Amino acid sequence: MSLLSVRDLQVTFPSEAGDVLAVRGVSFDLERGRTLALVGESGSGKSVTSLAIMGLHPDSATVSGSVTLDGVELLGKSDAEMSKIRGNRIAMVFQDPLSALTPVYSVGDQIAETILIHNPETSKRAAWERAVELLDIVGIPDAAERARAFPFEFSGGMRQRVVIAMAMANHPDVIIADEPTTALDVTIQAQVLEVLQRAQAETGAAMILITHDLGVVAGYADEVTVMYAGRPVEQGSSDDIFYQPAMPYTIGLLGTVPRLDHKSGEPLPILEGNPPDVVHLPPGCPFAPRCPLAAPECHTAEPVLRPVTAGHSAACVKLAEVVGKGHSEIFPLPALERTALAGVPRAERDTVLELVGLHKHFPLLKGALYRRQVGVVKAVDGIDLELKTGETLGLVGESGSGKSTTLLEILELLAPQAGRIVVLGRDTATLTKKERRAMRKDVQVVFQDPMAAVDPRMTVFDIIAEPLQAFGWKKADVEARVYELLQLVGLRADYVDRFPQHFSGGQRQRIGIARALALNPSILVLDEPVSALDVSIQAGVINLLEALQHQLHLSYVIVAHDLAVIRHISDRVAVMYLGSIVEVGEVNTVYDAPAHPYTQALISAIPIPDPNVEKARRRIVLEGDLPSPSDPPPGCKFSSRCPKLALLSESQQAKCHATLPVLEQIGSGDHQAACHFLKLP
Amino acid sequence: MSEDLSHPLDASDELSADASDDFAVVTRIGHGRLTLRRFFRNKLAVFGLCGLALLILLAIFGPMLTGWDYLEIDKRAFLKAPSSSHWLGTTRTGRDVLALTLHGMSRSLIIGFVAATLSTLLSSTVGTTSAYFGGWVERVLLWVTDLMLIVPSLLIIGVTMRGGLSGNMAWVALAFMLGLFGWMTTGRVVRSLTLSLKNREYVLAAKYMGLPAWRIIIRHILPNISSLMIVDLTLGVGYAVLGETGLSFLGLGVQAPDTSLGTLIGEGAQMAVTYSWIFLSPAAVLVFLVFCINAIGDGIRDALDPSSQSGGAVGRKLRKGKGSAEKQRADAAGVSAGLPGGTGEAGGIVIMEDSATQGGGSQ
């Protein structure tokens, strides 16, 4: 008998539109020590499944089916009975470690509380000692000391370690990790995933890993369940899913992800359309409207999971036809037109944006009445960048490295604290107020969150027309331009009178792009343009951005935490660390032969959606967190975490601690990195 | 959109049958209609709305029914109990209690609406301006807000009303002063809401496309806090009516011969035990009035709040056996994504292929 067995789980929520069939028949078995990954896009029901197993679904939901833990039925148990199981036999690691901890108790107290509640006979002292021990296991330095600290005194990654320690506290049988690393930086993600594995090894628990990141799945899951529209559409071992996918959706999903280890150049294969609305599911296979292989029989009845091989099953009518087919045989590759500009070498192109020694320091103030400065946060500390016509410059780095501050400095078009910003040959410091406003036409922005980037109370027409009206366009011209823009970003003209909430994330992002393009800018600043989108939607937006660049000769500055996306879309990439650029160069050079130890660690931290590659990779896991930008280490800012430092002799180390390295030329191209010991392996 | 609404079934057929088309529209419903439906699902709020409508109609047309003017003195009836000629009895000076109550109610209602409107206007202006501009503008406005909070408003209103101001239009001054002293708390709430909206990406985007500040406030900030302002306005009417009656009860509000519910209650309170009708009818009207307004306010708040329970329960329509498939379809037009943890500004659904994936390549 399996440890955890889920049979035909169904969860339904009430809504204004009718019943939301969030989960429609999930079944799986989980053995001790194994990891099951639930993969799917937002709205596919993976989180709801885990909440229903924990008994944490809202009261208004109806749940049916069966969930048994060691043969004991969990569904239908009262909240009081479930409380005895939650945190004891089934533990959960949530996505957001900030809201998963109570801010007013020390972390040691919170872990001890978990122990005491389920083991009332334990003494308080023993519980505290166990809490310290757990913190030590999850890799919190000075655990005895840090147990007395409060959650706000920890960084995001450290907090997630505390949450994992708490989940381990009572030797649970099952650990459910719901997007445990989504809110964290890639370097921290690698650390946390390692801790999660250690926790599993320590407790021997089974784990349900909920994630949208196929790379994480490839590296950590034994079994995979792919969910679509509330139903599992493919189940099997990790190798089955990655190497012999049998459901077109899985194949499409695997194909659309930009790969960190592949060269850019070709457009991304796309998976067209959006996931269906789970209130009004059309009859038949929910994926059929997006499936290139869809035949009439796909629209009549929903296919059930059928075995492909032992332990591998998929829900597809045309199973026999699909098995063994590659991505390109099913999904057509879109064509990408290139312009004349593509042939012009970089040196001969015009420079549209130039940053010279840009600084942005924020004063740290203290005191209520009389505010005095106690320090300075060097968010951007002297960076040089150059952007040419039709080029894409990617900025990468952990959060807190100053990427977004750099973008905002460019967008403000004001004179920087120190250094120069030159836009289209004009230094922003010399602009008058009027000229600055006129220049806003040339520099536009696309934001990360498609929900927040467009005003929910305005129609699509008003949103796109707003910049035009602000610059006094005539009414008739505005109308014509709005339709032109809608066509440009691939939205239908009759969408104009709708509100943003009627659109999916990808379409909303297109509205945001149309608005940014309204005034014919030459520079587009993209702040995480696809990170809030689902994998299958992301590819379409990336392709659109590329097509627009070729068509309109746009120059992009793009910030993204997904290094694979940056590799795909960028021509050049700059790696930032604590407000400085540590490496810059042509994107393939930097990715194939990273010179700076930070870049090396960053690239090695990204999981690759390929189990064999992923399990064979040697990963450089960085120690600790990003130091505070108000108190960077002396000398080389990276010296506190540098994996190379340990290999150096004492005198060499002294150099790292004493002087800040400057960017040095590597090879013949324009590849530069800032490290004293680039030559060493 | 009206076409889509009338043929909802066709739209979904199209979705399944013609999948290659990059377009399939399902019915949608306006935000306003959705809010209305949620509001009308709340029985108490509907009751409040009917009650308030009844009271307003009475205030307007009631005086024609009673046959007595509120200033008129019936010399044959002093302190008479309810009878066929005076339905609710008379006062010590021989005035008809029903006529007085109706007039007092209309006076109280007008004061309530004027004061609430003024205070909502003030709070939204001060709140948004101080938060959006920051710096010294914020410091000055916050200082004024805090000052207004600690000023003994009751005393100031009392002194003004007893002193210089009198005559028929004194109630206007009272309404304005109630508004003037009633906006500070909401003002601070608006400020904190604006602070969070100010860094929303669409506000930043508007800024970077060169929109002037006042247009950003009017077009992007105020509409997005409008639900708070509507609720504040409704509940503000209730508070203002209570404030006015309290002041008038103490003799600091509406002055004779004009009358309001508070004045009436104050007059009746002295004889509440012996001649209870003078006290009871205006008191009952006051309680009912404020109850209705608060019920409406709560109803609006729940209707605008996507996380409230007014979405109903699973299978609700089935249990009620609510009619035909067509009706179900129409009912189903709201958005679904909102419910399990989305932003839930439920308004409608459009299910479409992400058509531009082709658009990008084929340009």
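Not measured: the values here are computed from a predicted model.

1. A short note on the overall build of chain A
Move 1: Summing up its helical and strand segments, chain A has 23 helices and 24 strands in all.
Move 2: For a compact globule of 681 residues, the expected C-alpha radius of gyration is about 26 Å, and chain A comes in at 26 Å, within 12% of that figure.
Move 3: Each of the three principal axes of chain A carries a C-alpha extent, and together these read 75 × 70 × 55 Å.
Move 4: Every one of the 681 residues in chain A was classed for burial, and the buried ones make up 55%.

2. Notes on the packing of helix H10 (residues 201-208) of chain B against helix H11 (residues 213-221) of chain B
All names here are of chain B.
Move 1: Viewed as axis vectors pointing N to C, H10 and H11 meet at an angle of 145 degrees, and their least axial separation amounts to 11 Å. The two elements H10 and H11 meet at a crossing, and its hand is right-handed. Touching Tyr202, Val203, Ala206 and Lys207 of H10 are Ile216, His220 and Ile221, all from H11.
Move 2: When the residues that make up the contact of H10 with H11 are grouped by side-chain class, the tally is five nonpolar, one polar and one charged.

3. A few points about the environment of B:Thr93
Move 1: By the element assignment, B:Thr93 lies in the loop between helix H4 (43-66) and helix H5 (97-133).
Move 2: Each C-alpha atom of the pair B:Thr93 and B:Phe40 lies 45 Å from the other, and the pair is 53 residues apart in sequence.

4. Let's talk about the domain arrangement of chain A
Buried accessible area, meaning the area lost when the parts come together, often serves as the stated size of an interface.
All names here are of chain A.
Move 1: For chain A, the assigned domains read domain 1 (1-77 + 175-181 + 205-271 + 301-335), domain 2 (342-442 + 521-673) and domain 3 (448-520).
Move 2: With centres defined by C-alpha atoms, the gap from domain 1 to domain 2 works out at 35 Å.
Move 3: With 29 residues of domain 1 at the contact, the number on the domain 2 side is 24 residues.
Move 4: Put simply, the parts of the chain that give the side of domain 1 that touches domain 2 at least two residues each are helix H8 (214-220), helix H9 (238-243) and helix H10 (248-256).
Move 5: With five residues, H8 is the largest single contributor of residues to the side of domain 1 that touches domain 2.
Move 6: Of the residues in the side of domain 1 that touches domain 2, the class split is 15 nonpolar, eight polar and six charged.

5. Considering helix H18 (residues 535-552) of chain A
Residue and element names in this part refer to chain A.
Move 1: The terminal C-alpha atoms of H18, which comprises 18 residues, lie 26 Å apart, in line with the 26 Å expected from a rise of 1.5 Å per residue.
Move 2: Of all 18 residues in H18, 15 are buried; the element is thus mostly enclosed.
Move 3: One or two residues past the end of H18 sits His553, with phi positive at roughly 55 degrees.

6. Considering the environment of A:Leu116
Residue and element names in this part refer to chain A.
Move 1: Tracing the sequence through the fold places Leu116 in helix H3 (residues 107-118).
Move 2: Leu116 gets classed as buried once you count the C-beta atoms within 10 Å, which come to 20.
Move 3: Along the sequence, Leu116 and Ala126 sit 10 residues apart, while their C-alpha atoms lie 9.5 Å from each other.

So, how was this worked out
- Along every chain, residues carry numbers that run from 1 in the direction the sequence is written.
- By the order in which they are written, chains take letters starting at A while ligands take numbers starting at 1.
- Selection of residues for local features in this predicted model requires a pLDDT of at least 70, selection of side-chain atom pairs for listing and counting requires 80 or more, and totals for whole chains, interfaces and linings are taken over all residues.
- Counting from the N terminus, the helices are the DSSP runs of H or I reaching at least four residues and the strands are the DSSP runs of E reaching at least two.
- We compute the radius of gyration over the C-alpha atoms and compare it with the globule rule, which gives 2.2 Å times the number of residues raised to the power 0.38.
- Three exposure classes are used. Buried residues have 20 or more other C-beta atoms within 10 Å of their own C-beta, exposed residues have 12 or fewer, and partly exposed residues fall in between, all C-beta atoms being placed from the backbone.
- Here the axes come from fitting lines to C-alpha atoms, over the contacting stretch only for helices, and the angles between their N-to-C directions go from 0 to 180 degrees.
- Should the near helix be turned anticlockwise from the far one by less than a right angle, the crossing is termed left-handed; should it be turned clockwise, right-handed.
- C-beta atoms are first placed from the backbone for all residues, and any pair lying within 7 Å is then listed as a contact.
- Charged means Asp, Glu, Lys or Arg here, nonpolar means Ala, Val, Leu, Ile, Met, Phe, Trp, Tyr, Cys or Pro, and polar covers whatever is left, Gly included.
- Where each domain starts and ends comes from a domain assignment, either automatic or drawn from a database.
- Between the first and last residue of a helix there are one fewer steps than residues, each counted as 1.5 Å, and that sum is the expected span.

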